Amino acid sequence: MTTSRTRTKKTQPTTSSKKATVSNTASKSTRTTAEPVTTQAAAKKTSPARSAAAATVEAPVPSALPVGFVSFVGSGPGDPELLTVRAVELLRSAEVVVTETPEHAALVDRFCTQAEVVDGGFGQDGQPLTHAGRAKVIVKQAKTGKRVVRLMAGDPFVYASGPEEAQACVKANVGFEIVPGVSSVTAVPAYAGVPLTDKKHREIAVVNCSDAKVDWTQYADDRTLVLLSAVSAIADVAAALVEAGRSPETPVAMTRVGTTTEQETLVSTLGRVGSDARAARMAPPAVTVVGDVVDLRAALSWFETKPLFGWRVLVPRTKEQAGALSARLRGYGSVPEEVPTISVEPPRNPLQMDKAIRGLVEGRYEWIAFTSVNAVKAVREKFDEYGLDARAFSGLKIAAVGEKTAAAIEAWGLRADLVPSGEQSAAGLLEDWPPYDDVLDPINRVFLPRADIATETLVAGLLDLGWEVDDVTAYRTVRATPPPAPVREAIKTGKFDAVVFTSSSTVRNLVGIAGKPHASTIIAVIGPATAKTAEEHGLRVDVLAPKPSVEAVVDALADFGASRRAAMLEAGQPVTKPSERRPSARRKAT
């Protein structure tokens, strides 16, 4: 039961003007939508004092709970790794995501699993949406009751349309929250190695140059200036600052598409930046910094000096296994492009695998040897199919061909009894494998679940050591479908700077579905066997990992890139990527 209270006493006004009163009596109506309470004063002409505060919006007083909810989420300046933890959580739980730029599609693909994507840039008629039009779309989506995320470039409340769209939510009685994002104002200079403040320079001013009526005389001092939307007008802006009193030798840094691996920074002065920007063909979006702090870039440039910065690296792997390799490549500044060359599928005849699993449960084996993460996955799937768990391994010794495979076993709640102490390969595993002893070993049989195209090295070695081996096909590796035509063309014409091969099969399958990489492309391989296969296919190996692991091969490629960059700088040459310096003839294996 609802109890209503009515104010019986009114406070007298302190002025002679008539004031509007608002009743506090609870409404007994059954309205389903909230309506703001209006006053008589709202209909009157605003006072001069109110007109002076035109930027202030008085929020209506809601008479019911908000209808719907929107999260305004800042996506940052471009690098997806700069998203806040809160932003990622909201994207993962979102049911509707209203995007702003084409680049947001990658964020949605990466973090959203169930969201409907609504293009906030264009309407259904294909025309660009105004702020008002976009606000209507957001309110409409929110009123469906779904979890709505409005994804915005940078920060929603810094040089963005967030305030206008949030005001539209207030007017429609739609609840909202603001999730700040990293602003390009600070992030782009930081990625360019330009601090906006230091001990000598404490003040900064941010100027949006899209307004042609900027009074540049107020920026004639030595404050650090951050200029937005200044690319097309930089010559005029620089001239105006010099005329206002700034020295023509004042340093200037222009950074385009900052925080991404396409980032480029031009360093100049106010006197030369106009002609330098034209010569460098600088294009939006870019952030410009004016001031002595630009000189610190020479020592503090950390992003564009990464050993593989901007390199386009081909990752020919199974789609499931490419994540860790690609993440490590991105850490060195490269742009990995995953091209599946191998598809992992169940064996054509599952009876052999079923029989081996029953034998494992019944105690038929002394050892089980895992030679890949895929083998662990295949056995685990069979366990799930039969309703078994790790207890079935009781009394069984477990061998892993390397650290990655051992980690996959550990994730299952098990621990490998044998991991190679030296080379992480079948040969390394055999070096540490104990010979069969009919006194110490009650059972002489080894269960070996592996791929259908695996080599016989391990089987032959175990037989030589006196063991019996059940060599079982746990999964098949088949050649994937060819990549799209533009990717095949890029491979053949040298538009990739490097290719990372992690097995012999990736070499054979890539050449089979897409052709040989161009002579200018750097070839990195995970081990000697893969190197031999690459050479058999007419490729010269440039980088050989010191040990067979994903981390080692990527680190070795980064070392190669760093040495190459250092040699160019020492020779006084501009730093270029392999795809920008192509030999006239295809390399041959030596």
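Please read these numbers as outputs of a predicted model, since none were measured by experiment.

Draft legend 1. Summary view of the overall build of the protein. Counting secondary structure elements, the protein contains 20 helices and 20 strands. Burial statistics for the protein: of 590 residues in total, 43% are counted as buried. The contacts in the protein between residues at least 6 apart in sequence include a share of 65% that link residues at least 24 apart. Of the roughly 31,700 Å² of accessible surface on the protein, 52% is carried by carbon and sulfur atoms.

Draft legend 2. Representation of the nonpolar core. Membership of the largest hydrophobic core comes to 28 residues, with the highest contact counts inside it found for Leu 360, Phe 370, Phe 393 and Phe 447. Top contributing element to this core by residue count: helix α13 (residues 373-386), with 5 residues. If sequence neighbours within four positions are ignored, Phe 447 has contacts with Met 353, Ala 356, Ile 357, Leu 360, Tyr 365, Trp 367, Ile 368, Ala 369, Asp 470 and Val 472. Of all hydrophobic cores here, the second largest spans 23 residues; its members include Tyr 219, Leu 227, Ala 230 and Ile 234.

Draft legend 3. Focus on helix α4 (residues 104-111). Residues of α4 that are buried: His 104, Leu 107, Val 108 and Phe 111. Around the axis of α4, the buried residues are gathered within 100° of arc, so they sit on the same side. Of the residues in α4, the exposed ones pointing more than 90 degrees away from the buried face are Ala 106 and Asp 109. Of the surrounding elements, those touching the buried residues of α4 are α3 (85-93), β2 (96-99), β3 (116-119) and β4 (148-152).

Draft legend 4. Examining the packing of helix α17 (residues 485-493) against helix α18 (residues 504-514) more closely. Remark: α17 packs on α18, axes separated minimally by 10 Å, with the N-to-C direction vectors making an angle of 110°. As the angle between them shows, α17 and α18 are arranged roughly perpendicular. Regarding α17 and α18, the two cross each other, and that crossing is left-handed. Facing Arg 488, Ile 491 and Lys 492 of α17, the residues of α18 in contact are Leu 510, Ile 513 and Ala 514. Residue classes in the contact of α17 with α18 are distributed as 4 nonpolar, no polar and 2 charged.

Draft legend 5. Layout of the sheet that holds β3. If you trace the 5 strands from one edge of the open sheet to the other, you get β3-β2-β4-β1-β5, paired in parallel fashion. With partners counted over all chains shown, the strands left at the sheet margins are β3 and β5 (175-179), one partner each. Each strand of the sheet is rotated relative to its neighbour by a mean of 20°, with strand direction disregarded. Taken strand by strand, α3 contacts β1 (69-74), β2, β4 and β5, and its axis lies near 135° from that of β5. Here helix α6 (residues 162-171) sits on the sheet and contacts β1, β4 and β5; the angle it forms with β1, its principal contact strand, is near 170°.

Draft legend 6. Inspection of a negative patch on the surface at higher detail. Judged by side-chain charge, Glu 203, Asp 222, Asp 292 and Asp 295 come together as a negatively charged surface patch. Topologically, Asp 295 is positioned in the loop between β10 (286-290) and α10 (297-300). Exposure remark for Asp 295: the relative accessible area of 51% places this residue in the exposed category.

Draft legend 7. Broad picture of the packing of aromatic side chains. All told, the structure shown has 12 aromatic pairs when counted by the stated rule. On the numbers, 5.3 Å between centres and 70° between planes, the contact of Tyr 436 with Trp 467 is edge-to-face. Taken together, the residues span a long stretch of sequence, with Tyr 436 in the loop between α15 (426-432) and β16 (445-451) and Trp 467 in the loop between α16 (457-464) and β17 (468-479) at a distance of 31 residues. Put simply, the rings of Tyr 191, Trp 302, Phe 303 and Phe 309 touch in pairs and so form one group of aromatic residues.

Draft legend 8. Broad picture of the sheet that holds strand β6 (residues 204-208). Pairing in this open sheet of 5 strands is mixed, and the strands run β6-β7-β10-β8-β9 from one edge to the other. Across the chains shown, the open sheet's two edge strands, defined by having one partner strand only, are β6 and β9 (264-269). The average undirected angle you get between the axes of adjacent strands in this sheet is 20°. The strands touched by helix α7 (residues 184-191) are β6, β7 (224-228), β8 (251-256) and β10; relative to β10, the strand with the most contacts, the crossing angle is about 75°.

Draft legend 9. Local environment of the pairing of β6. Of the two faces of β6, only the one carrying Ala 205 and Val 207 is buried; Ile 204, Val 206 and Asn 208 on the other face are not. As paired elements, β6 and β7 share 5 bridges and run parallel to each other. By the bridge assignment, Asn 208 is partnered in β7 with Leu 228.

Draft legend 10. Layout of helix α20 (residues 550-570). Helix length check: α20, at 21 residues, gives a terminal C-alpha distance of 31 Å against a target of 30 Å (1.5 Å per residue), a fit within 8%. Residues of α20 that are buried: Val 550, Ala 552, Val 553, Val 554, Ala 556, Leu 557, Ala 558, Gly 561, Arg 564 and Met 568. Of the residues one or two after α20, Gly 572 is the one with positive phi, at around 75°.

Draft legend 11. View of the environment of Glu 89. In this fold, Glu 89 is placed in helix α3. Overall, Glu 89 belongs to the partly exposed group, its relative accessible area being 45%. Once the C-alpha coordinates of Glu 89 and Cys 112 are considered, the two residues, 23 residues apart in sequence, prove to be 9.6 Å apart.

Draft legend 12. A look at the pattern of salt bridges. Taken as a whole and judged by the stated rule, the model has 25 salt bridges. A salt bridge links Glu 116 to Lys 146, with the nearest nitrogen and oxygen atoms 3.9 Å apart. Of this pair, Glu 116 sits in strand β3 while Lys 146 sits in the loop between α5 (131-142) and β4, and the two are 30 residues apart along the sequence. You can call Glu 116 partly exposed: its relative accessible area is 38%. Sharing partners across several salt bridges, the network here consists of Glu 100, Arg 134, Arg 150 and Glu 165.

Draft legend 13. Fine view of the packing of α13 against helix α14 (residues 403-411). The contact between α13 and α14 brings their axes to 8 Å, and the two run at 25°. Taken together, α13 and α14 sit at an angle that is classed as roughly parallel. Here Val 373, Val 376 and Arg 380 of α13 lie close against α14, whose contacting residues are Lys 404, Thr 405, Ala 408, Ile 409 and Ala 411. Each residue belonging to the contact of α13 with α14 can be placed in one class, and the counts come to 5 nonpolar, 1 polar and 2 charged.

What counts and how
- Residues numbered from 1 in each chain as written.
- Predicted model: local features only at pLDDT ≥ 70, side-chain atom pairs only at ≥ 80, totals over all residues.
- Heavy atoms only, no water.
- Helix = DSSP H or I, 4+ residues; strand = E, 2+ residues; numbered from the N terminus.
- Buried < 20%, exposed > 50% of the residue type's maximum accessible area, 1.4 Å probe, protein only.
- Contact = heavy atoms within 4.5 Å.
- Areas by Shrake-Rupley, 256 points an atom, 1.4 Å probe, with all protein chains shown as cover.
- Core = buried A, V, L, I, M, F, W, Y, C linked by side-chain atoms within 4.5 Å.
- Arc of directions from axis to C-beta.
- Axes fitted to C-alpha atoms, helices over the stretch in contact; angles between N-to-C directions.
- Parallel < 35°, antiparallel > 145°, perpendicular 65-115°, else oblique.
- Left-handed = near helix turned anticlockwise from the far one by under 90°.
- Nonpolar A, V, L, I, M, F, W, Y, C, P; charged D, E, K, R; others polar.
- Pairing = 2+ DSSP bridges.
- Patch = residues over 30% accessible without salt bridge, like charges linked within 9 Å, V, L, I, M, F, W, Y side chains within 5 Å.
- Salt bridge = Lys/Arg side-chain N within 4 Å of Asp/Glu carboxyl O.
- Lys, Arg positive; Asp, Glu negative; His and termini not counted.
- Charge placed at Lys NZ, Arg CZ, Asp CG, Glu CD.
- Phe/Tyr/Trp six-rings, centres within 6.5 Å; stacked < 30°, edge-to-face > 60°.
- Expected span 1.5 Å × (residues − 1).

Fair warning: the whole summary comes from geometry, so function is off the table for now.
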